[in-house]
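# Coordinate inspection notes
One letter stands for each residue in the lines below.
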Amino acid sequence: MKPTTTVLDVARIRESFPILQREVSPGVPLVYLDSAATSQRPVQVMQAIDEFYRKHNANIHRGVHRLAEEATEAYEAARGRIADFIGAASPREIVFVRNTTEAINLVARTWGEVNLGAGDVVLLTEMEHHSNLVPWQMLAAKLGFRLEFVPVDEQGLLDMDAYKELLGHGPKLVGFTHMSNVTGTINPAAEMTAMAHAAGAVVLVDGAQSVPHMPVDVQQIDADFLAFSGHKMLGPTGVGALYGRQELLEAMPPFLGGGDMIKRVSLEGFSTNEVPYKFEAGTPAIAEAVGLGAAVDFLSEIGMAAVHAHEQVMIAYALERLEEVPGLRVFGPAPELKGAVASFTFPGAHPHDIAQILDSVGVAVRAGHHCAMPLHQKFNIPATTRASFYIYNRIDEVDRLIEGLYKVREYFG
Amino acid sequence: MKPTTTVLDVARIRESFPILQREVSPGVPLVYLDSAATSQRPVQVMQAIDEFYRKHNANIHRGVHRLAEEATEAYEAARGRIADFIGAASPREIVFVRNTTEAINLVARTWGEVNLGAGDVVLLTEMEHHSNLVPWQMLAAKLGFRLEFVPVDEQGLLDMDAYKELLGHGPKLVGFTHMSNVTGTINPAAEMTAMAHAAGAVVLVDGAQSVPHMPVDVQQIDADFLAFSGHKMLGPTGVGALYGRQELLEAMPPFLGGGDMIKRVSLEGFSTNEVPYKFEAGTPAIAEAVGLGAAVDFLSEIGMAAVHAHEQVMIAYALERLEEVPGLRVFGPAPELKGAVASFTFPGAHPHDIAQILDSVGVAVRAGHHCAMPLHQKFNIPATTRASFYIYNRIDEVDRLIEGLYKVREYFG
Amino acid sequence: MDDLYREQIIDHYKNPRMRGTLEPHDYSYSDDNPVCGDHLRIDLRVDETGRITEAAFDGEGCAISQASADLLVESVVGKTLEEVKQLSKDDVLELLGIELGPVRLKCALLSLKVLKAGVYGLEELEEELV
Amino acid sequence: MDDLYREQIIDHYKNPRMRGTLEPHDYSYSDDNPVCGDHLRIDLRVDETGRITEAAFDGEGCAISQASADLLVESVVGKTLEEVKQLSKDDVLELLGIELGPVRLKCALLSLKVLKAGVYGLEELEEELV
Ligand SMILES: Cc1ncc(COP(=O)(O)O)c(C=O)c1O
Ligand SMILES: Cc1ncc(COP(=O)(O)O)c(C=O)c1O
């Protein structure tokens, strides 16, 4: 049944997103269903960046002049807002990075480098994004530890019995995505971290898809590390964050070397700065951090519970309609177990061609392996087409997607 | 003698920089002399970012929909413009990074990791920024190679006889800054790379200060690697570039692991993508790269030779006036051997206090070790105050600086 | 869109003329398009004068990549290896008869890339194709 | 600015009352402000009841950090170690009598940081000072 409204005032939200007024070609308005790849940005975020550059722009930390102080305050205030947003105990637990990928590499190259060795096990899952797989493969090749994987079933859910069993191998680190970017599966993070902690493991949660779309509280899920990207949560590109528990961060060696991460340097050596600065070498993405702060404000004003509720309505309706399309196969569990992401295949039509035909009617979706080749291998398909939704999507945009899919059938059916 | 004009139409240039209209406190207009830390951004750059977000924003490379194609084209076009700007043979030789610091760490962790070992020598200079020192110290601690340093004389010039001698130790890599961010010294890059190549070394040039301020052509100076930051050359924060000769880049292992840098991934392992993508893991700073492209256009329109000529006039006049101030000591060589950077000390007044008093009259300068502690140790001082100039600085802003310094004398003289 | 999926392309995609493998062959090469996980292999048989006598492709991928492979492989039979080396991106686009954005261009050119790699070795052609 | 460099501060900077070193001492700690390379050391002598009988600081730095060190060290003579543990950022700012931006705040608080680190151990105080 088609819902007539959701919990959000989508019309009002859309006023903040000028790109959604765009036509893809004359007379063909944009239906943006690719937010799992990157979200759009509201004018509030663009204005925060613009205002920073117009009024306060300077390099931070080392300056005593007015602009430098204002820039430092703006940057650190953003850190504080992000800490609050995910329930961190202190802003010091937030390290600014470029994106989720860098955040995970940072953990691998610092915590991993000193805590992992031959004979150790790192436990991941079969549904990981390459970002939470390749860094561990690179490190494993170097240090000689073993990777193990929690299997995914045909519904796209983790096999929790297998998880329990694999924890018995005593992994030093457990890393899993909070929400799959392919199936939308929301993993039971709090339960999984509790089990991992009981088995003595440190837990890294890939929050790239969860932090933008649902309430995430690091203390409630008890994550040791949480990685996420600004660009998927209304913020600018070029900035993301790594949350790390303070005592872990303090015990870790530095990541990149350079300015700001040091306390003292001589030609002979250096000593490191305090956390989180120890991990932020060189001039950071200052304006982008400020922009991410504005994005967090925008989301907080709506409320993450409302964001999630809206998306639940969207995905339930989308799955219902997708099932009507003859031959279409959707991957992933029931709507209440997942976020607003639907990946599917269609017999006889390559995912790229589906995306292209949808594009011709204005519907922007993604096609490919979505940086999760192993999960596609598991499902025995090279690629899928993926539609993903966010706060600015309307119910009737699902209908536009379905119309486009009927057009695909005309060509390839 | 006070020059009445320079080669640039500074009044017109200033129209593009709204922040320069700002007052630091009521009635006290801003005199921004801190461009060596970070430059200001022209509206053209802000507009390029804004327009990207308003019209073309999407994730790149993996998308077939219209926005994704436009975003990919914009990002790659920026890469091409940056390649042209520094005379690279191909856009493939440009890797987008966060900043100079990351660029140098990238070289250390990829080229360095496979080419350096116990018994090897890496030759740097005493005037390096921490960004071109700490990454090598970290790697040396791990791999056991030795760091050697070309000495700096009291004028702030490299000792070229010592350089020749040190090349005799057969360094595998020579790394030096093209322009010092403390003394402004411009090192003879072409001559130094020729000598280093003759000695069999690979050469990394830190272009953080040179690329923004003078014509730099990688083929003319024959650098193997050149690192620079967008934020010091009118571009946004969060983006910079590493130039690397294509055959070197191709032979190097990847840097960070994750999406986009791979060709194929399975649970067992991965194969890497082509250069430069091999080095760009995860969603890059897309809008920022586009902004940097606009910054390069802005600079190209002015012409880098004109930029340098303007700054020569500025620094010659600034040095002349600084010498008038009793007791003030300026570090660095004669104006024709340096960029538009003047670092100085004043007896009885700490550099921080000088900067603070200058701030009170609207003059924004930087105080501290400028991330070059070893050079300050060499000069036997903990810190300096630094004034630095760019295309938007007027001759009379030098006079404002000098007035401020006389005020410092009143307090601390 | 009607441009992009004109009948000829859908036809070559659904009913490829040149799909198959040649065993034995004189030249063979396979590669992927990492963007979408497409895979393509091209086999060639060549006579003493360096002229291609038989050609076949196999793999999976989108309509653009498969139709382009079919059209391209069809077009090289009877050509010399030297002539194959001269083939350009524009030749492939002419065979397809459509305009393409940068991402789909990779799909369309995968077949040319694989063909040339088989004939020459990968290093040399990367340059040429960009 | 007149606020920032009011006479008392310039006076304590130019003519510090408490500059020196105590050898032997009961407590001593030194640290840097990495932002500017300032360096500060504080020495204390304490009687059996835990009351500070003598105190001195040494180091180099800006007027704010040096005047703050001089004022703070002067103020702790006669206090107990327990009382020193209670000292807060606001106590230092009150001694200085000025308002400060975030960067200069670090200069002003370096002396408190060093003093407390000497009394307690560095880990505990980092939390407290932010
Ligand atoms: C010579 C030099 N190298 C490297 C850097 C580091 O630049 P970034 O902080 O953008 O990484 C700077 C800037 O402070 C510099 O002046
Ligand atoms: C689950 C998941 N992890 C990691 C990433 C990587 O994010 P980024 O490209 O911003 O580093 C993504 C985004 O594609 C994702 O969906």
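This part covers the overall build of chain A. A count of helical and extended segments in chain A gives 14 helices and 17 strands. Over its C-alpha trace chain A gives a radius of gyration of 22 Å, about what one expects of a compact globule, namely 22 Å for 413 residues. For the C-alpha atoms alone, the extent of chain A along its principal axes is close to 70 × 55 × 35 Å. Out of the 413 residues in chain A, the part that is buried amounts to 71%. In the structure as shown, chain A presents an accessible area of about 11,900 Å², 51% of it carried by carbon and sulfur atoms. Where the 33 positive side-chain charges of chain A centre and where its 49 negative ones centre are 4 Å apart.

Near ligand 1, the surroundings consist of 16 residues, among which Thr 101, Asp 206, Gln 209, Ser 229 and Lys 232 of chain B are the closest. Residue neighbours of ligand 1 fall on chains A and B, so the site bridges chains. Residue Thr 283 of chain A places a side-chain N or O atom 2.6 Å away from an oxygen atom belonging to ligand 1. Between ligand 1 and His 231 of chain B there is a distance of 2.6 Å, counted from an oxygen atom to a side-chain nitrogen or oxygen. In the complex, 98% of the free accessible area of ligand 1, which totals 400 Å², lies under the protein chains. The cavity where ligand 1 resides is the second largest cavity. The residue inventory of the shell around ligand 1, partitioned by class, reads two nonpolar, 12 polar and two charged.

One frequent convention defines the size of an interface as the accessible area lost when the parts assemble. Taken together, the 91 residues of chain A in the interface contact 91 residues of chain B. Summed over both sides, the interface of chain A with chain B buries roughly 7,400 Å², with 57% coming from carbon and sulfur. Its largest share of buried area at the contact with chain B, chain A owes to Tyr 53, Val 64 and Leu 267 of chain A, together 10% of the area lost on that side. Counting across the interface, chain A meets chain B through four salt bridges. Here Glu 102 of chain B makes a salt bridge to Arg 98 of chain A, at a shortest N to O gap of 2.8 Å. Considering each element in turn, the side of chain A that touches chain B owes the most residues, eight residues, to helix 2 (residues 43-56) of chain A. Looking at the side of chain A that touches chain B, its residues break down into 42 nonpolar, 28 polar and 21 charged.

What follows covers the relation of the copies chain A and chain B. To go from the first copy of the chain to the second, apply a rotation about an axis and then a shift along the same axis. Placing chain A over chain B gives an RMSD of 0.0 Å and needs a rotation angle of 180°, together with 0.0 Å of translation along the axis. Expressed as an axis order, the relation between the two copies is that of a two-fold axis. For chain A, the residue whose C-alpha comes nearest the rotation axis is Gly 238 of chain A, separated from it by 2.8 Å.

To continue, consider helix 1 (residues 7-14) of chain C. Of all the positions in helix 1 of chain C, only Ile 9, Ile 10, His 12 and Tyr 13 of chain C are classed as buried. Seen end-on, helix 1 of chain C carries its buried residues on one side only, within an arc spanning 165°. Among the structural elements, helix 14 (395-412) of chain A together with helix 2 (63-76) and helix 4 (89-96) of chain C are those in contact with the buried residues of helix 1 of chain C.

Every contact between the two is made by 13 residues of chain C and, on the other side, 13 residues of chain B. Seen at the junction of chain C and chain B, the total is one salt bridge. Across the salt bridge formed by Glu 274 of chain B and Lys 113 of chain C, the nearest N and O atoms sit 3.1 Å from each other. Our count for the contact surface shared by chain C and chain B stands at one residue pair in polar contact (both at pLDDT 80 or more). Contributing elements (two or more residues each) for the side of chain C that touches chain B: strand 1 (27-33), helix 5 (102-120) and helix 6 (122-129) of chain C. It is helix 5 of chain C that provides the largest number of residues to the side of chain C that touches chain B, a total of four residues.

With that settled, the discussion passes to the domain arrangement of chain A. Residue and element names in this part refer to chain A. Per the domain assignment, the segments of chain A are domain 1 (10-41 + 303-412) and domain 2 (46-301). Measuring from the centre of the C-alpha atoms in domain 1 to the corresponding centre in domain 2 gives 27 Å. Tallying the contact residues gives 38 residues for domain 1 and 40 residues for domain 2. Three residues, Arg 41, Met 304 and Leu 375, lead the burial of domain 1 against domain 2; their summed loss comes to 21% of the area buried on that side. Note that Glu 126 and Lys 378 form a salt bridge whose closest N and O atoms lie 2.8 Å from each other. For the pair domain 1 and domain 2, the number of links is 22 residue pairs in polar contact (both at pLDDT 80 or more). Within the residue set of the side of domain 1 that touches domain 2, elements represented by two or more residues are helix 11 (304-324), strand 14 (341-345) and helix 13 (373-379).

Take the arrangement of the chains next. Contacts between protein chains span five pairs of chains, and they are most numerous for chains A and B. As for chain D relative to chain C, no contact occurs, and the smallest C-alpha gap between them is 45 Å.

The description of two aromatic rings rests on the distance between their centres and on the angle between their planes. In this structure the tally under the stated criterion is 14 aromatic pairs over all chains. Taking the centre distance of 4.9 Å and the plane angle of 40° together, the rings of Tyr 75 of chain B and Phe 96 of chain B count as tilted. Placement of Tyr 75 of chain B in helix 3 (residues 66-85) and of Phe 96 of chain B in strand 4 (residues 94-97) is noted, with a sequence separation of 21 residues between them. Of the two residues examined, Tyr 75 of chain B and Phe 96 of chain B, each falls in the buried class. Grouped by ring-pair contacts, the aromatic residues Phe 17, Phe 298, Tyr 390 and Tyr 392 of chain A constitute a single cluster. For Lys 106 of chain C, the ring lying beneath its charged end belongs to Tyr 277 of chain B, and the centroid distance is 5.8 Å.

Near ligand 2 lie 16 residues; those nearest to it are Thr 101, Asp 206, Ser 229 and Lys 232 of chain A together with Thr 283 of chain B. The local environment of ligand 2 is shared, drawing residues from chains A and B. One of the side-chain N or O atoms of Thr 101 of chain A is found 2.5 Å from an oxygen atom in ligand 2. Lys 232 of chain A is positioned such that a nitrogen or oxygen atom in its side chain is 2.7 Å from an oxygen atom of ligand 2. Coverage of ligand 2 by the protein chains reaches 97% of its 390 Å² of free accessible surface.

Residues and elements named next belong to chain C. A sheet is described by the order of its strands in space; here three strands give the open sequence 1-2-3, paired in antiparallel fashion. Each edge of the open sheet is held by one strand with a lone partner, namely strand 1 and strand 3 (52-60). Neighbouring strand axes in the sheet, compared pairwise and without regard to direction, differ in orientation by 15° on average. Sheet strands in contact with helix 5 are strand 1 and strand 2 (38-46), and its direction is about 150° off that of strand 1.

Counting residues in each nonpolar core, the largest one holds 166 residues, and the members touching the most others are Ile 86 and Ile 391 of chain A together with Ile 86 and Ile 391 of chain B. Among residues more than four places away in sequence, those in contact with Ile 86 of chain A are Ile 94, Val 211, Val 216, Asp 217, Val 218, Leu 226, Phe 228 and Tyr 243 of chain A. Val 107, Leu 256 and Met 261 of chain A together with Ala 140 of chain B belong to the second largest nonpolar core, which has 78 residues in total.

Criteria and thresholds
Counting from 1, residues in each chain are numbered in the order their sequence is written. Labels follow written order: the first chain is A, the first ligand is 1, and so on. With the structure being a predicted model, the display of local features is reserved for residues of pLDDT at least 70 and the display and counting of side-chain atom pairs for 80 or more, all residues being used for whole-chain, interface and lining totals. To obtain the side-chain values, all non-hydrogen atoms of the structure were included, while hydrogens and water were left out. We count a stretch as a helix when DSSP gives it H or I for four or more residues in a row; a strand needs E for two or more, and each element gets its number in order from the N terminus. For this measure, only C-alpha atoms enter the radius of gyration; the expected value for a globule follows 2.2 Å times N^0.38, where N is the number of residues. Exposure classes here rest on a 1.4 Å probe applied to the protein chains alone. A residue is buried below 20% of its type maximum, exposed above 50%, and partly exposed in between. Throughout, the Shrake-Rupley method with a 1.4 Å probe supplies accessible areas, and for residues the shown protein chains are the sole cover considered. Under the counting rule used here, the positive set is Lys and Arg, the negative set is Asp and Glu, and His together with the chain ends is not counted. To locate a charge, take NZ of a lysine, CZ of an arginine, CG of an aspartate or CD of a glutamate. Near is defined per residue: the residue qualifies when any heavy atom it owns lies within 4 Å of the molecule or strand. Nitrogen and oxygen atoms within 3.5 Å of one another constitute a polar contact, given that in protein one can donate a hydrogen and the other can accept it, and given that sequence-neighbouring residues count only through two side-chain atoms. Residues are called lining when one of their atoms sits within 4 Å of a cavity or pocket point, these points coming from a 1 Å grid over the protein atoms alone, where a cavity is a set in which a 1.4 Å probe fits but cannot get out and a pocket is an open set with protein on both sides within 12 Å along at least five of seven lines. In this scheme, a molecule is assigned to a cavity or pocket if more than half of its atoms are within 2 Å of the grid points. For this scheme, ten residues count as nonpolar: Ala, Val, Leu, Ile, Met, Phe, Trp, Tyr, Cys and Pro. Four count as charged, namely Asp, Glu, Lys and Arg, and the remainder, Gly too, count as polar. Here, residues are in contact when the closest pair of their heavy atoms is within 4.5 Å. What gets called buried area is simply the loss in accessible area from a 1.4 Å probe that two parts show on being joined, summed for both. By convention in these notes, a salt bridge is any Lys or Arg side-chain nitrogen within 4 Å of a carboxyl oxygen on Asp or Glu. Superposition of the copies was done by least squares, using only C-alpha atoms of residues whose pLDDT is at least 70 in both. Starting at the helix axis, one direction is taken to each C-beta atom, and the arc is that of these directions. Reported domain spans reflect what an automatic or database domain assignment gives. Put simply, two rings from Phe, Tyr or Trp (the six-membered ring, in Trp's case) pair if the centres are within 6.5 Å, and we call them stacked under 30 degrees between planes, edge-to-face over 60, tilted for the rest. Throughout this description, the term charge over a ring refers to an Arg CZ or Lys NZ atom that lies within 6 Å of the ring centre and within 35 degrees of the ring normal. A pair of strands is labelled paired if DSSP reports no fewer than 2 bridges between them. Whenever a helix is involved, its axis is fitted only over the stretch in contact; in every case the axis is a line through C-alpha atoms, and angles between N-to-C directions fall within 0 to 180 degrees. By nonpolar core is meant a set of buried Ala, Val, Leu, Ile, Met, Phe, Trp, Tyr and Cys residues that side-chain atoms within 4.5 Å join together.

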